[in-house]
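# What the coordinates show
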Amino acid sequence: MPNKGLDSRGYIEREGSLGLIPRAFRPVVATARDRVLDVFGARLHSAYLYGSIPRGTARVGRSDLDLLLALREEPTEADRSDTRSLDEALDKEFPQIDGAGTLLVGREQVLSDLERHDLGWFVACLCTPLLGEDLAEDLPRYRPDTLLARETNGDLALFLPRWRERIAEAGASEEALRPLVRFMSRHLVRTAFTLVMPRLNGWTSDLTEMAEAFGTYYPKRAAQLREAAVLGYEPRGDAAVLRSYVDDLGPWLAEEYARVHGIKKPRP
């Protein structure tokens, strides 16, 4: 898949479109848009969809609703509480989604130098405008290079201790472990893909394609990544899988990532 997902000049093409939203998910998006305006009003700078729904690959009852909201000022704890309530209400009301998750950020954070190749890239390349003025107009174009790799996923080692805590806190029930398997599987596959992205010189958000691309360069770990890609789409609440992530695959991937691309700039 060399050059896949790039335009004729080698820049990553923006994913998604409102026109690609599957019919079953259009009422969810319409309701979410109206409620975001009700909650934040003039304080909202812009709102975006990302993930499988704007890419047109969402599956009824399996896919979640992913939103990013950029406020004109930095979000408060009250704003975050309102956002959690919004997510919970949408999840309860619409059976076609398996959860809703909203990222809440400030406009200045998105446009900051520190976030230019992380959150800025995410908005410019992986988010579909839903409301307001598109922040991508004030951001650069992006190539799949080592700077982008380092600043997007060069911090995996920082997450692993917290992942271990979350696994311990979840207990042993399948219901509690399943969301963790989905989240951690996706995170590891995406990190593994960006590890090889500069060599590949291409982009995809498909977990299966990501795992296959990674396996080309790391055949000894290919089977692990293929399984993680499957679990990213069809998770099961398996404690053994989670342990393998935090005790084996995750630490190895964090070390290899730091060796190849270096460590992400520290955040406050």
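Everything here concerns the structure above.
Not measured: the values here are computed from a predicted model. (Residues numbered from 1 in each chain as written. Predicted model: local features only at pLDDT ≥ 70, side-chain atom pairs only at ≥ 80, totals over all residues. Heavy atoms only, no water.)

## Here's the deal with the packing of aromatic side chains
Note the cut-off: Note on aromatic pairs: the rings of Phe, Tyr and Trp (six-membered ring only in Trp) are paired at centre separations within 6.5 Å, and the planes decide the class, stacked below 30 degrees, edge-to-face beyond 60, tilted for the rest. Elements are defined by DSSP. Helices are runs of H or I of four residues or more, strands are runs of E of two residues or more, and each kind is numbered from the N terminus. A 1.4 Å probe rolled over the protein chains alone gives each residue an accessible area, and that area as a share of the maximum for its type sets the label: buried under 20%, exposed over 50%, partly exposed in between. Lysine and arginine charges are scored as sitting over a ring when NZ or CZ, respectively, is within 6 Å of the ring centre and within 35 degrees of the ring normal.
The final tally for this structure, using the stated rule, is seven aromatic pairs. Between Tyr-50 and Phe-122, the ring centres sit 4.9 Å apart and the planes meet at 75 degrees, which makes this aromatic pair edge-to-face. Taken together, the residues span a long stretch of sequence, with Tyr-50 in strand β1 (residues 44-50) and Phe-122 in helix α5 (residues 119-126) at a distance of 72 residues. Comparing Tyr-50 with Phe-122 shows no difference in burial state: the two are buried. With a centroid separation of 5.0 Å and an interplanar angle of 15 degrees, the aromatic rings of Phe-214 and Tyr-218 are classed as stacked. Of the two residues, Phe-214 and Tyr-218, neither departs from the other in class, the shared state being buried. The positively charged end of Arg-143 is found above the aromatic ring belonging to Tyr-11, 4.1 Å away from the centroid.

## Here we look at helix α11 (residues 239-261)
Selection criterion: Under the convention used throughout, the expected extent of a helix is 1.5 Å for every residue step, that is, one less than its residue count. We define the bend at any residue as the angle between the axes fitted to the seven residues before and including it, ending there, and the seven starting there. Under this definition, polar contacts are N or O atom pairs within 3.5 Å; protein pairs additionally need one hydrogen-donor-capable and one acceptor-capable atom, and for neighbouring residues in sequence, both atoms have to be side-chain atoms.
Over its 23 residues, α11 runs 31 Å from end to end, which matches the ideal 33 Å to within 8%, given 1.5 Å per residue. Of all the bends in α11, the largest measures some 45 degrees and sits at Tyr-245. Every buried residue of α11 is accounted for by Val-241, Leu-242, Tyr-245, Val-246, Leu-249, Gly-250, Leu-253, Ala-254, Glu-256, Tyr-257 and His-261. Two or three places before Ala-240, at the start of α11, stands the capping residue Asp-238, its side-chain oxygen 2.9 Å from that residue's backbone nitrogen. Looking at the residues trailing α11, positive phi occurs at Gly-262, about 90 degrees.

## As for the side chain of Asp-7
For clarity, the cut-off: The contact rule is simple, with two residues in contact once any of their heavy atoms fall within 4.5 Å.
Turning to its location among the elements, Asp-7 is positioned in the segment before α1 (26-40). For Asp-7, the residues in contact, after removing those within four places along its chain, are Glu-13 and Arg-141.

## Details of the layout of surface pockets
Which entries qualify depends on this criterion: Only protein atoms enter the calculation, which uses a 1 Å grid: trapped sets of points that fit a 1.4 Å probe without letting it out are cavities, open sets showing protein on both sides within 12 Å along at least five of seven lines are pockets, and any residue with an atom within 4 Å of a point is a lining residue. Grid points are joined across faces, edges and corners, and a volume is the space filled by probe spheres set on the points. Asp, Glu, Lys and Arg are counted as charged, while Ala, Val, Leu, Ile, Met, Phe, Trp, Tyr, Cys and Pro are counted as nonpolar; the rest, among them Gly, fall into the polar class.
Empty space within the second largest pocket amounts to approximately 210 Å³. Looking at the lining of the second largest pocket, the elements that each hand over two or more residues are α3 (77-93) and β3 (100-106). When its residues are assigned to classes, the lining of the second largest pocket shows three nonpolar, four polar and three charged.

## Points about the nonpolar core
Rules: The term nonpolar core refers to a set of buried residues drawn from Ala, Val, Leu, Ile, Met, Phe, Trp, Tyr and Cys, joined through side-chain atoms within 4.5 Å.
Core analysis: the largest hydrophobic core is formed by 58 residues, its most contacted members being Leu-68, Trp-121, Trp-203, Leu-242 and Tyr-245. The greatest single-element share of this core, amounting to 12 residues, is contributed by helix α8 (residues 174-200). Beyond its immediate chain neighbours, meaning those up to four positions away, Leu-68 contacts Ser-46, Ala-47, Tyr-48, Tyr-50, Leu-103, Val-105, Leu-119, Phe-122, Val-123 and Cys-127.

## What about the pairing of β1?
Applicable threshold: Pairing between strands is defined by DSSP: at least two bridges between them are needed.
With seven of seven residues buried, β1 lies mostly within the body of the structure. With six bridges joining them, β1 and strand β2 (residues 65-71) adopt antiparallel strand pairing. Opposite Leu-44, over in β2, you have Leu-71 as the bridge partner. Sheet topology places β1 next to strand β4 (residues 127-132); five bridges connect them, and they run antiparallel. Within β4, the position partnered with Tyr-50 by the bridge is Cys-127.

The analysis is restricted to geometry; functional conclusions fall outside its scope.
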